[in-house]
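# Overview (structure and organization)
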Amino acid sequence: MGTHVGHTSITVSDFDRSVDFYTNVMGLHMSVDFGLMPADFLTRQEGAMNRFCLLADDEGHQCVEIFEFSNVEQRRFEGKAQHQDFWSSHVCFLYDDID
């Protein structure tokens, strides 16, 4: 059975600066730019917005997902993660077959 990491996600405070780092320093490219969209359902805060994208390597493997939230309170590490926190992240695993 083939299993591999699909992507790693990070929440950042500066979307453009982060994309610049991952593309110009790390050599990734923008795979999908989802743009700016409402994020009330993720943050449970009315009026919250989310901008996010997927960055891929030269072979097209999506490696990094970047999130930036606006119009929402973002906290530094306090022991309990919320999706919009700067340090909140996730890892996506992909499986060929889960049976």
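This section reports on the structure supplied with the text. All residue numbers refer to position in the chain's written sequence, counted from 1. With the structure being a predicted model, the display of local features is reserved for residues of pLDDT at least 70 and the display and counting of side-chain atom pairs for 80 or more, all residues being used for whole-chain, interface and lining totals. Where side-chain values are given, they derive from all heavy atoms of the structure, hydrogens and water being excluded.

Moving on, we come to the overall build of the chain. The number of helices and strands found in the chain is two helices and five strands. Only DSSP runs of H or I covering at least 4 residues are called helices, and only runs of E covering at least 2 are called strands; the numbering of each starts at the N terminus. The order of helices and strands in the chain, counted from the N terminus, is β-α-β-α-β-β-β. The 99 residues of the chain split such that 30% are buried. Should any heavy atoms of two residues lie within 4.5 Å, those residues are considered in contact. In the chain, the share of contacts with a sequence separation of at least 24, taken over all contacts with a separation of at least 6, comes to 54%. Accessible surface area values rest on a Shrake-Rupley calculation with a 1.4 Å probe, where residue burial reflects the displayed protein chains alone. As displayed, the chain offers around 6400 Å² of accessible surface, 51% of which is attributable to carbon and sulfur atoms. Note on exposure labels: buried denotes an accessible area under 20% of the residue type's maximum, exposed denotes more than 50%, and partly exposed covers the range between, all computed with a 1.4 Å probe on protein chains only.

Before going further, it helps to examine the nonpolar core. When a protein is soluble and globular, its nonpolar side chains tend to lie buried together. What makes a nonpolar core is a set of buried Ala, Val, Leu, Ile, Met, Phe, Trp, Tyr and Cys residues whose side-chain atoms join them at distances within 4.5 Å. In this structure, V12, F15, V19, Y22, L28, C53, L55, V64 and I66 together form the largest nonpolar core, which totals nine residues. For this core, the leading source of residues is helix α1 (residues 15-25), giving three residues. Sequence-distant contacts of L55, defined by excluding residues within four places in its chain, comprise Y22, T23, L28, H29, M30, S31, H61, Q62, C63, V64 and I66. In this structure, A39, A48, F52 and F69 belong to the second largest nonpolar core, which totals six residues.

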